[in-house]
Amino acid sequence: MTAVPAPAVSTDRRRLTVHETAIGDRIYEIVTTACALVVPALVIAIAIAIFAGAWPAFSKLGLSIVTSSDWDVRAGRFGAAPAIFGTLVSSALALIIATPLAIGVAIFLSEFSPTWLRQPIGFLVDLLAAVPSVVYGLWGIFVLVPLLREQVMPFLRDRLHLGATPFFSGPAYGPSMLAAGVILAIMALPYISAVSREVLMAVPRSQREAALALGATRWEMIRDAVIPYAKSGIIGGIMLGLGRALGETMAVTMVIGNRAEISASLFAPGYTMASLIANQFSEATSDLHQSALLAVGAILFVITLIVNAVARWLVWQVSRDRAV
Amino acid sequence: MLQSIEVSPGARVIPRVVAPRAASAEARETATPEKPCIITSHLSAFFGDAPAIKDVSMVVPQQAVTAIIGPSGCGKSTLLRCINRMHETGPNTRVDGQVEILGSAIYGDGTSATAVRRHVGMVFQRPTPFPTMSIRTNVAAGLRADPRSRLAQENVDEIVEKALHRAGLWEEVKDRLNESAMTLSGGQQQRLCIARALATRPRVILLDEPTASLDPLSTQKVEELVYDLRETVTVVIVTHNMQQAARVSDRTAFLLAGELIELAPTNALFTAPMDPRTEAYITGRFG
């Protein structure tokens with residue numbers, strides 16, 4: 001230590017505290033890092049377990065599990081094509097029904113609704129997401145399916161003469177792809193609507209004013225300024241709804257009819273991957289049967305993953321042009 | 001000279017701007033209220049119960065630049081937003097009194113705010129290009145013709161080019177009209193917004209602190225543009241920058257706490273203000 005010459009007049013002899021043991025910060029950092037690592041670890045562990053379990057089925061059945069429509073447990077044939085078809089069609093149908101409705105609700109709530117009405121309607125729409133899916137299933141069986149069988153299906157087929165197309169032909173049993181699509185639409189709607197509402201409300205006032213100042217009507221303002229600005233967020237919301245529809249099990253199993261057939265008609269019963277698994281896991285005694293169910297689960301997992309990737313890509317595509 | 005403008009809801013045709021006039025020194029001197037463009041009488045505007053401007057009666061002459069100055073919160077922007085009926089777009093707002101533009105009472109019975117705004121362009125404090133649109137579609141955004149229809153295409157291109165020329169932006173963007181408007185700098189974006197407002201050929205342009213978010217060089221370009229605009233259009237500019245008001249305007253209005261204190265030729269207002277409050281403000285004693 002070199003001696004520092006003391007200043008002529010030294011009045012302050014207290015030393016500065018320049019050391020501090022930030023032990024709290026360290027603990028905090030370790031705990032949060034651990035939390036952050038647990039989640040991806042879980043995802044990877046689950047994926048490994050599923051694919052490992054599915055491997056025997058994939059190696060034994062090959063591509064036929066995706067391409068074949070023949071699911072015969074006793075004969076050891078497991079073709080899940082109808083279930084894959086059913087999952088994709090019912091989810092697409094759900095989006096076709098839910099998207100316009102959900103965006104309509106979101107536009108009303110963000111643009112037209114009086115302030116006092118915004119909260120209650122928004123709350124009710126959000127509540128749709130809170131209803132347990134088995135309750136939707138029950139409502140589907142006792143209300144929706146009879147309604148479709150006795151009113152909607154005959155109306156579509158005979159009154160609107162849509163029976164001439166393959167999509168609305170055949171007998172109206174009730175439990176059907178259409179019923180599954182409608183149930184899924186109701187379940188996906190709150191997700192799409194809530195996200196769309198938030199992104200529409202987040203469109204800056206300056207964008208709205210810029211459109212109005214150009215002499216735009218309210219509708220022109222929404223069409224030309226608000227919706228384009230919010231587009232990437234709305235697409236994100238739709239993809240969230242699609243994710244919900246793809247994975248939904250209970251309610252769909254209760255109304256879709258559970259028949260492993262590929263039919264163009266929305267009136268015909270169908271199957272989905274999730275309902276296939278739910279129906280058969282308890283009676284899967286043979287190793288191959290178990291493995292085949294896990295393989296279906298793996299395919300569903302991959303499809304969901306692809307949907308999420310596509311969603312990310314779409315949102316990125318739409319939003320990359322602007323630096324806001 | 002006093003062509004009336006159509007402000008009823010059905011009006012879709014935008015009348016031609018009156019013939020350009022040379023902005024010579026003499027013309028500036030004669031830019032007196034004898035050729036009125038905007039007349040406000042006993043105009044008050046409220047947010048809830050609180051008045052933002054109180055009983056403002058003023059005359060803005062045609063084809064001149066009128067600046068509105070005053071301390072923050074004095075109601076400059078609100079006064080401007082009453083001239084194109086933007087004030088009423090906020091929640092709980094109310095306007096009392098009358099505004100007449102080129103002989104038409106814009107708050108009269110049966111008038112439509114949308115129709116009024118087609119004649120009165122507005123540019124805001126921060127540039128507000130539409131981020132998802134290209135430079136071209138941004139400028140064409142206010143035109144009613146569908147830019148996708150081939151018949152209108154030629155016409156729209158012509159209008160877009162003209163508007164960009166008038167906004168002094170054409171040379172900088174002519175090779176990249178289809179690029180996103182967000183690729184432009186802040187100053188270019190603001191001139192794009194001016195071009196967008198000019199494209200519909202309004203009779204009046206309202207500028208709400210148009211250079212507040214710009215660097216000095218961009219500010220200078222916008223000021224030059226404003227100075228030139230007076231030849232074809234009536235300009236009202238709100239600014240908190242007194243030097244700017246002195247540089248670009250023919251007449252200046254001083255607003256304080258919602259009241260119009262003084263409105264005079266810019267030179268006179270800055271060199272020999274009539275009201276002691278104006279003098280206090282321009283000499284920097286408050287605000």
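Bear in mind that the values here come from a model prediction, so they are computed numbers and not experimental data.

Participant: An account of the overall build of chain B is requested, with residue identities and associated values reported.
Facilitator: Scanning chain B from N- to C-terminus turns up 11 helices and 10 strands. Looking at chain B as a whole, 47% of its 287 residues qualify as buried. Of the contacts made within chain B by residues no fewer than 6 positions apart, 70% connect residues no fewer than 24 positions apart.

Participant: Account for the interface of chain B and chain A, naming residues and giving values.
Facilitator: Where interface size is given, it is often the accessible area lost as the parts come together that is meant. At the interface, 19 residues of chain B touch 18 residues of chain A. Per-element tally for the side of chain B that touches chain A: the top contributor is helix α3 (residues 113-119) of chain B, with 3 residues. Tallied by class, the residues present in the side of chain B that touches chain A amount to 7 nonpolar, 8 polar and 4 charged.

Participant: Hey, could you go over the packing of helix α3 (residues 81-112) of chain A against helix α10 (residues 273-280) of chain A for me, with residue numbers and the actual values?
Facilitator: Residues and elements named next belong to chain A. Viewed as axis vectors pointing N to C, α3 and α10 meet at an angle of 130°, and their least axial separation amounts to 7 Å. The angle between α3 and α10 places the two elements in the oblique class. For the pair formed by α3 and α10, the contact residues are A83, I84 and T87 on the first element and M273, A274 and L276 on the second. Residue composition of the contact of α3 with α10, grouped by class: 5 nonpolar, 1 polar and no charged.

Participant: Could you give me a rundown of the environment of L43 of chain B, with the residues and numbers involved?
Facilitator: Residue and element names in this part refer to chain B. Position of L43 relative to the elements: it lies in strand β1 (residues 36-47). Taking the C-alpha atoms as reference points, L43 and Q98, 55 residues apart in sequence, are found 5.9 Å from one another. Discounting residues that sit within four places of it in the chain, L43 has contacts with I53, V56, C82, G97 and V99.

Participant: A description of the sheet that holds strand β3 (residues 65-69) of chain B should follow, citing residues and the corresponding values.
Facilitator: All names here are of chain B. Taken in spatial order, the 6 strands make up an open sheet running β6-β7-β8-β3-β9-β10, and their pairing is mixed. Whereas interior strands pair on both sides, the edge strands pair on one side only; in this sheet they are β6 (120-123) and β10 (259-265). Pairwise comparison of adjacent strand axes, ignoring direction, gives a mean angle of 15° for this sheet. Relative to strand β8 (residues 234-238), β3 runs parallel, the two sharing 4 bridges. Looking at the pairing, V65 lines up with V235 of β8. The strands touched by helix α2 (residues 76-83) within the sheet are β3, β6, β7 (204-208), β8 and β9 (251-256), with β8 carrying the most contacts at an inclination of about 150°.

Participant: For the sheet that holds strand β4 (residues 93-101) of chain B, give the residues involved together with the corresponding values.
Facilitator: Across the sheet, 4 strands lie side by side as β2-β1-β4-β5 (chain B); this open sheet has antiparallel pairing. The open sheet terminates on both sides in strands that have one partner only, identified here as β2 (50-61) and β5 (104-105) of chain B.

Participant: Describe unusual backbone geometry, listing the residues and the values that go with them.
Facilitator: Residues and elements named next belong to chain B. Despite not being glycine, N92 has its phi angle at roughly 55°, a positive value. Assignment of secondary structure puts N92 in the loop between α2 and β4. Taking the number of C-beta atoms within 10 Å as the measure of exposure, N92 has 9 and is therefore exposed. In this structure, A257 is a non-glycine residue whose phi angle is positive, near 50°. Residue position: A257 is located in the loop between β9 and β10.

Participant: I'd like to hear about the pairing of β10 of chain B, residue by residue, with values.
Facilitator: Residue and element names in this part refer to chain B. Across 6 bridges, the pairing between β9 and β10 is antiparallel. Residue pairing for β10: F254 is matched across the bridge by E262. Hairpin connection, β9 to β10: the antiparallel pair is bridged by 2 residues, and A257 has positive phi, about 50°.

Participant: Outline the confidence of the model for chain A, listing residues and values.
Facilitator: Should pLDDT be low for a region, the predicted coordinates there are not to be read in detail. Averaged over every residue, the pLDDT of chain A is 88; the share at 70 or more is 95%. Confidence scores differ between elements of chain A, with helix α11 (residues 287-319) of chain A showing the lowest mean pLDDT of 87 and α3 of chain A the highest of 94.

Participant: Describe helix α5 (residues 133-159) of chain A, and please don't skip the residues or the numbers.
Facilitator: Residues and elements named next belong to chain A. Taking 1.5 Å per residue, 27 residues should reach 39 Å; α5 reaches only 33 Å between its end C-alpha atoms and comes up short. Of all the bends in α5, the greatest, near 50°, is centred on G140. By the burial criterion, the buried members of α5 are Y136, G137, G140, L144, V145, L148, M153, L156 and R157. In this structure, the buried side of α5 is in contact with α6 (177-201) and α9 (250-255).

Participant: Before we move on, can you summarise the pairing of β9 of chain B with the specific residues and values?
Facilitator: All names here are of chain B. In terms of residue burial, β9 counts as a mostly covered element, since 6 of its 6 residues are buried. Sheet analysis places β3 next to β9, joined by 4 bridges and oriented parallel. The residue bridging I68 from the neighbouring strand is A253, located in β9.

Participant: Tell me what's going on with the nonpolar core, and back it up with residues and numbers.
Facilitator: If you look at soluble globular proteins, the nonpolar side chains tend to sit buried side by side. Ranked by internal contacts, the top residues of the largest apolar core, which has 162 residues, are A179, I183, A188, V255, M273 and V296 of chain A together with A195 of chain B. When residues in this core are grouped by element, the largest group, 18 residues, is from α6 of chain A.

Rules of the game
- Each chain has its residues counted from 1, running along the sequence as written.
- Chains and ligands are labelled by the order in which they are written, letters from A for the one and numbers from 1 for the other.
- Local features in this predicted model are restricted to residues of pLDDT 70 or higher, and side-chain atom pairs are both shown and tallied only at a pLDDT of 80 or more, whereas totals for entire chains, interfaces and linings draw on every residue.
- A run of H or I in DSSP becomes a helix once it reaches four residues, and a run of E becomes a strand once it reaches two; helices and strands are each numbered from the N terminus.
- Each residue is classified by how many other C-beta atoms fall within 10 Å of its C-beta atom, where C-beta atoms are placed from the backbone; a count of 20 or more means buried, 12 or fewer means exposed, and values in between mean partly exposed.
- Whether two residues are in contact depends on their C-beta atoms, placed from the backbone: they are in contact if these lie within 7 Å.
- Throughout this entry, Asp, Glu, Lys and Arg are counted as charged residues, while Ala, Val, Leu, Ile, Met, Phe, Trp, Tyr, Cys and Pro are counted as nonpolar. The remaining residues, Gly among them, count as polar.
- Geometry is summarised by axes, namely lines fitted to C-alpha atoms with helices restricted to the contacting stretch, and by angles between N-to-C directions that run from 0 to 180 degrees.
- Throughout, the term roughly parallel applies to angles under 35 degrees, roughly antiparallel to angles over 145, roughly perpendicular to angles from 65 to 115, and oblique to all others.
- Two strands make a pair as long as DSSP finds a minimum of two bridges between them.
- A residue's pLDDT is the predictor's confidence in that residue, given on a scale from 0 to 100.
- Take the number of residues in a helix, subtract one, and multiply by 1.5 Å to get its expected span.
- The bend reported for a residue corresponds to the angle between axes fitted to the seven residues ending at that residue and the seven starting there.
- In these notes, a nonpolar core means any group of buried Ala, Val, Leu, Ile, Met, Phe, Trp, Tyr and Cys residues linked to one another through C-beta atoms within 7 Å.

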